[in-house]
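Survey of secondary and tertiary structure
Given next are the chains, with one letter for each unit.
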Amino acid sequence: MPVEIDPFHAIAISRLAHRLRAEGRSVIHMEFGQPWTGAPAEAIEAAHRILDTDGMGYWESPALKARIAAHYGETYGVAVNPEQVILTCGASPALVLALSCLFAPGARVALARPGYVAYRNTLKALHLEPVELACGEAERFQITADAVERLEPAPQGLIVASPANPTGTIIPPEELQALAEVCKRRGIALVSDEIYHGLSYTLPAETMLKHAPDALVVNSFSKYFSMAGWRLGWLIVPEKLVDAARARMGNLFLTPPSLAQHAGLIAFDCRDELEGHIHTYARNRELLLGALPAMGLRRIAPPDGAFYIYADVGHLTNDSLAFCEALLRDTDVALAPGLDFDPVDGNSFIRLSFAVSTDLVEEAIRRIGPWFAAKAASLPR
Ligand SMILES: Cc1ncc(COP(=O)(O)O)c(C=O)c1O
């Protein structure tokens, strides 16, 4: 029997948002973790040139693999051999490769709840068993080494994400070290999703490779590099898994888009433009962290990184999908329902993505403030 997996509810919200926009309404899209900026200008310029001269066959860019490997030395002081870099069509296929290299069907893989919707669903699609660990405000919605220590029996694997989606919280270096130690001791394979690296406002995120050299690290050009639709990412695997990962990439996906690889190599060094985006996100984060409590949304873990705020709206609803739909219809602001990230408690949460311009964040605040106030006033006391 094929396994059933849940839909991505934010897609339904986005579809409605696009329908409303087509009707002429001025919708603000804060439902997806998608930078509103395009790829860096130099990367786009190069892509135009390359399109005229390159045959765009199946191809893996040796220069991009070398650039990514060098990045680990420059940024984290960790040595990575270019052969350990598997280029993929984004973090999503990188996750599929990682899980399929590490686990046999039926393996139990632990992950944080709330967490990125695709972890749970990808595990299920690969006939693996998600073991969700409830992570609340006290743990800043992150898995701790203690929680992994207490899991009986030990799972075969653990997925960590720092900064995390939907909360943006970062696991500090000493906790990464503790997680690496408990995983090593208990024989738990580690997959670290580092897709939001480069986007941090409090402390920098550290790669899990620094603590667990055998961890499989997932990353992508979709977030920091603002190239989601180019479909380019990478997986770092330990040398013993290079052949297994390459075999899976070749058979399941062949190669990532050639044009994206050319552009990605240029994007890697467009730091000034990319850092400019972070200034915008930092400003947006401040604006929202200032405005949300005044709207009655006080239970939030301020995000250390990424571009999300996960806010408790349990005093206003027990159906986050219906809540987001009503908010969208009434205010033209699209947000993601917590249900995507947490099948147990998610109906009490919404996620706001602030990867949009500051003008739009200001406008969204103007629109949703009165709506939240009216909603609170309409509830029985
Ligand atoms: C935590 C996390 N991992 C992976 C992905 C998938 O990213 P990609 O576009 O690189 O496939 C996302 C996308 O939002 C994400 O939030």
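Here the structure is a predicted model, which is why all the values come from computation and not from measurement.

1. Examining the layout of surface pockets
There is about 500 Å³ of room inside the largest pocket. Secondary-structure elements contributing two or more residues to the lining of the largest pocket are α1 (9–22), α4 (91–102), α5 (117–125) and β7 (216–220). Split into classes, the residues belonging to the lining of the largest pocket amount to 19 nonpolar, 8 polar and 5 charged. Here the lining of the largest pocket gathers at least three residues from each of two domains, domain 1 (9–39 + 271–375) and domain 2 (57–267).

2. Some details on empty space enclosed by the protein
One pass over the full model with this rule turns up 2 cavities of 30 Å³ or more. When its volume is computed, the largest cavity comes out at roughly 110 Å³. Of all the secondary structure elements, the ones that give two or more residues to the lining of the largest cavity are β3 (108–113) and β5 (157–161). Take the lining of the largest cavity: its biggest share by element is 3 residues, from β5. Of the residues belonging to the lining of the largest cavity, the class tally is 12 nonpolar, 4 polar and no charged. Computed from the structure, the second largest cavity encloses a volume of approximately 50 Å³.

3. Considering the domain arrangement of the protein
Taken as a whole, the protein is organised into domain 1 (9–39 + 271–375) and domain 2 (57–267). Using only C-alpha atoms to locate each centre, domain 1 and domain 2 end up separated by 25 Å. The partner domain 2 presents 35 residues to the 36 residues of domain 1 that form the contact. Taken over both partners, the interface formed by domain 1 and domain 2 buries close to 2800 Å², and the fraction arising from carbon and sulfur atoms is 55%. Looking at the side of domain 1 facing domain 2, the largest losses of area belong to L274, D304 and F341, adding up to 23% of the total buried there. Summed over the shared surface of domain 1 and domain 2, the number is 4 salt bridges. For the salt bridge of D345 with R113, the shortest nitrogen-to-oxygen distance reads 3.2 Å. Where domain 1 meets domain 2, there are 22 residue pairs in polar contact (both at pLDDT 80 or more).

4. So, the site of the ligand
The environment of the ligand is made up of 13 residues, and the closest members are A91, S92, D193, Y196 and S220. A distance of 2.6 Å separates a nitrogen atom of the ligand from a polar atom in the side chain of D193. At a separation of 2.7 Å, an oxygen atom of the ligand approaches a polar side-chain atom of S220. With the chains in place, 91% of the 400 Å² that the ligand exposes on its own is no longer accessible. Taken together, the residues that form the shell around the ligand break down as 5 nonpolar, 5 polar and 3 charged.

5. Re the pattern of salt bridges
What the rule picks out here adds up to 20 salt bridges. The salt bridge involving D269 is made with R67; its shortest N-O contact spans 3.0 Å. Linking D269 in the loop between α9 (258–267) and α10 (271–294) with R67 in helix α3 (residues 62–76), this pair joins segments that are 202 residues apart in sequence. Using a relative accessible area of 48% as the deciding quantity, one classes D269 as partly exposed.

6. A short note on the packing of helix α2 (residues 41–53) against α9
Between α2 and α9, the shortest axis-to-axis distance is 8 Å and the interhelical angle comes to 145 degrees. The two elements α2 and α9 cross, and the hand of that crossing is right-handed. Contacts between α2 and α9 involve E42, A43, A46, A47, I50 and L51 from the former and L259, H262, A263, I266 and A267 from the latter. Broken down by class, the residue content of the contact of α2 with α9 amounts to 9 nonpolar, 1 polar and 1 charged.

7. Re the sheet that holds β5
Taking strand neighbours across the sheet as the criterion, the 7 strands line up as β2-β8-β7-β6-β5-β3-β4 in an open arrangement whose pairing is mixed. Only two strands of the sheet have a single partner each, and these edge strands are β2 (85–88) and β4 (129–134). Going from strand to strand, the sheet's axes swing by 20 degrees on average, the running direction of each strand aside. When β3 meets β5, the two strands line up parallel, connected through 2 bridges. Following the sheet pairing, V109 is matched in β5 by G157.

About the criteria used
Residues numbered from 1 in each chain as written. Predicted model: local features only at pLDDT ≥ 70, side-chain atom pairs only at ≥ 80, totals over all residues. Heavy atoms only, no water. 1 Å grid on protein atoms, 1.4 Å probe; cavity = no way out; pocket = protein on both sides within 12 Å on 5 of 7 lines; lining within 4 Å. Points joined across faces, edges and corners; volume = space filled by probe spheres on them. Helix = DSSP H or I, 4+ residues; strand = E, 2+ residues; numbered from the N terminus. Nonpolar A, V, L, I, M, F, W, Y, C, P; charged D, E, K, R; others polar. Domains from an automatic or database assignment. Contact = heavy atoms within 4.5 Å. Buried area = accessible area lost by both parts, 1.4 Å probe. Salt bridge = Lys/Arg side-chain N within 4 Å of Asp/Glu carboxyl O. Polar contact = N/O pair within 3.5 Å; in protein donor to acceptor, adjacent residues only side chain to side chain. Near = heavy atom within 4 Å. Areas by Shrake-Rupley, 256 points an atom, 1.4 Å probe, with all protein chains shown as cover. Buried < 20%, exposed > 50% of the residue type's maximum accessible area, 1.4 Å probe, protein only. Axes fitted to C-alpha atoms, helices over the stretch in contact; angles between N-to-C directions. Left-handed = near helix turned anticlockwise from the far one by under 90°. Pairing = 2+ DSSP bridges.

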